[in-house]
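Given next are the chains, with one letter for each unit.
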Amino acid sequence: MPDRHDDVDAWLSQRIEPLPPPPGTFDLIKRRARRRKYRKLAITAGTAAVIVAAAVTVPEVVNLPVLNPNPTAAPVAGASHSSTTPSTTSGTQGQASESASSAVPAPPPVPDNFRPTSVTFVSTRTGWVIGQARTPGHCATQFCTSVARTSDAGKTWTGVPAPMTGAADGASGLSQLRFLNLNDGWAYGPQLFSTHTGGRTWTPVNTGGLRVTALETVGNRVFAVWASCTGNGPAYAVNCTGFTLYSAPAAGGSWTPVGASTTGLTDGRASEAAQLVLTGSRGYLLAPGGALYAGPVDGSGPWTQVSSLAASCPVGPARADGQPTGALLAAVNARDLVLACASASSGANPSVSTQQKFIYSSPDGGVSWRQMGTAPAGGVAFSLAASPSESVMLGTDQGIDLLPQGGINWQLASLKGGAPSGGFGYVGMTTAEQGIALPADPSDGTVWFTFDGGQTWAPSRLNGS
């Protein structure tokens, strides 16, 4: 019987022809290979693009507003500036140098010996002060007028550009400052300057030789008292014989008289100053002699006389900075007003000033008045403030007197470290809880803050002062 292994061996030793693939197989393989090649190229190119993009993409930078001095406005006295050049060193050190060079430069510091004469706030955190700094002959320009700003309620201050003029002296110079918002502001007393760039640039306003003795702003307008005055020295608002209430759009525009009733106010009392108080919808002007005018603050109409104060509450002589010391007017809101009628200082001991201070309130916009009581006799009253919560404060040459909301007893506000020499020349409330005050002596170099409705106050010292 034949061996079957011989057949297997014979079959394995023969040449085997593979079966042909189905028709179109090679074309299908070519097409698939081509698609794989294109996908590979696309992925490679995409990856390269991502790598290139990663290499050139710069993280987004938020450009915060930096108030730097400019050639058209006087720089802050004593402010210094530096510039950096990108480093060409390679490696980590070069990258660090390049990163440092692209950083926003720090704002200039507040110059030495800053003596603030006015303060203004547009929110609970942001405010400005104006005054004189350093010493004549050692300032950034021929003038030493300087401005500082805070964005954290007085925790820190930085120097910003100031108008190109000197201290108040007769018909020239500045001593007061008001801002409406982060852009629109005015420096005055007796000259008038405006800014619509947040204080980066300042432009003088032609007043035709008149002196600006009061200025306030609210809504979208600014109001100011322009006076015809004579005499030199810091008491720029003392020898004045005529007053006119002017107004202008806050964003910029022509100044025009508000109306016939408040144009050319005179009564022969050259030693008296007019007071201007604005609320959200209504404004008040207490003219020399006691005439009280009121009207809209949106520019829709003139102001008219609403009452005249009795002879027992005359408008007293102005201080050196132009602010009155006799009758002091403040507003709680558009209808509720507060008035302090103060007599001349008296007392057997000349070193201890005393003064009768009668406090009145009006619930109808100044048409009628009723006496609220009498403030403490100690101290001469320089400033009056009324908060939205109806608390009343008096800044005196001895401290700050407080009448809490609904209270009948006055109390002396607590002052951290004691009252500054000469007391307080200005006190005002930003909200029902937060307020600001300035010492009567600018050389103190501080701005005082309260955050509890006027019960306690603490100083914020300007850098370099």
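A look at the overall build of the chain
Here is step 1 of the chain: Helices and strands together make up the secondary structure of the chain, namely 3 helices and 29 strands.
Here is step 2 of the chain: Within the chain, the proportion of its 465 residues that are buried is 44%.
Here is step 3 of the chain: Contacts in the chain between residues far apart in sequence, at least 24 positions, make up 47% of those at least 6 positions apart.
Here is step 4 of the chain: On the chain, roughly 23,100 Å² of surface is accessible, and the fraction owed to carbon and sulfur atoms is 55%.

Looking at the sheet that holds strand β10 (residues 221-229)
Here is step 1 of the chain: Here we have 4 strands laid out as an open sheet, ordered β9-β10-β11-β12, and antiparallel in their pairing. The open sheet has two free edges, formed respectively by β9 (211-218) and β12 (256-257), since each of these has just one partner strand.

What to know about unusual backbone geometry
Here is step 1 of the chain: Look at the link from Gly 189 to Pro 190: it is a cis peptide, with omega at 5°.
Here is step 2 of the chain: Positive phi values are uncommon outside glycine, yet Ala 153 reaches one of about 55°.
Here is step 3 of the chain: With respect to the helices and strands, the residue Ala 153 is situated in the loop between β3 (145-150) and β4 (158-160).
Here is step 4 of the chain: On the accessibility criterion, Ala 153 (14% relative accessible area) is buried.

Observations concerning the environment of Leu 412
Here is step 1 of the chain: Locating Leu 412 in the fold gives a position in strand β24 (residues 411-412).
Here is step 2 of the chain: Between the C-alpha atoms of Leu 412 and Ile 400, which are 12 residues apart in sequence, the distance is 6.1 Å.
Here is step 3 of the chain: Apart from residues no more than four positions distant in its own chain, Leu 412 is found in contact with Ile 400 and Asp 401.

With respect to the pairing of strand β29 (residues 456-461)
Every other side chain in a regular strand lies on the same face of the sheet, so the side chains alternate between the two faces.
Here is step 1 of the chain: Direction of pairing for strand β25 (residues 414-415) relative to β29: parallel, over a ladder of 2 bridges. The partner of Ser 414 across the bridge, within β29, is Thr 456.
Here is step 2 of the chain: Taken together, the 4 bridges between strand β28 (residues 446-450) and β29 define a ladder with antiparallel strand orientation. Its bridge partner lying in β29, Thr 446 is registered against Arg 461.

What about the state of the cysteines?
Here is step 1 of the chain: Going through the model one piece at a time under the given rule, you end up with 2 disulfides.
Here is step 2 of the chain: Across a sulfur-sulfur distance of 2.0 Å, Cys 229 and Cys 240 are joined as a disulfide pair. In this structure, the disulfide formed by Cys 229 and Cys 240 twists by about 95° around the S-S bond and is classed as right-handed. Here the residue Cys 229 occupies a position in strand β10, and Cys 240 occupies one in strand β11 (residues 240-249), the gap between them amounting to 11 residues. Accessibility assignment for this pair places Cys 229 and Cys 240 in one class, buried.

Some words on the packing of aromatic side chains
Here is step 1 of the chain: In total, this model carries 8 aromatic pairs according to the counting rule given.
Here is step 2 of the chain: Plain terms: the ring middles of Phe 121 and Phe 449 are 5.6 Å apart, the flat faces sit at 80° to each other, and that makes the pair edge-to-face. Linking Phe 121 in strand β1 (residues 115-121) with Phe 449 in strand β28, this pair joins segments that are 328 residues apart in sequence. Taken individually, Phe 121 and Phe 449 each receive the classification buried, so the pair is uniform in this respect.
Here is step 3 of the chain: Note on Trp 128 and Phe 179: the rings are 3.7 Å apart at their centroids and 10° apart in plane angle, and the pair reads as stacked.

Reading guide: rules and limits
- Residues numbered from 1 in each chain as written.
- Predicted model: local features only at pLDDT ≥ 70, side-chain atom pairs only at ≥ 80, totals over all residues.
- Heavy atoms only, no water.
- Helix = DSSP H or I, 4+ residues; strand = E, 2+ residues; numbered from the N terminus.
- Buried < 20%, exposed > 50% of the residue type's maximum accessible area, 1.4 Å probe, protein only.
- Contact = heavy atoms within 4.5 Å.
- Areas by Shrake-Rupley, 256 points an atom, 1.4 Å probe, with all protein chains shown as cover.
- Pairing = 2+ DSSP bridges.
- Disulfide = S-S within 2.5 Å.
- Phe/Tyr/Trp six-rings, centres within 6.5 Å; stacked < 30°, edge-to-face > 60°.

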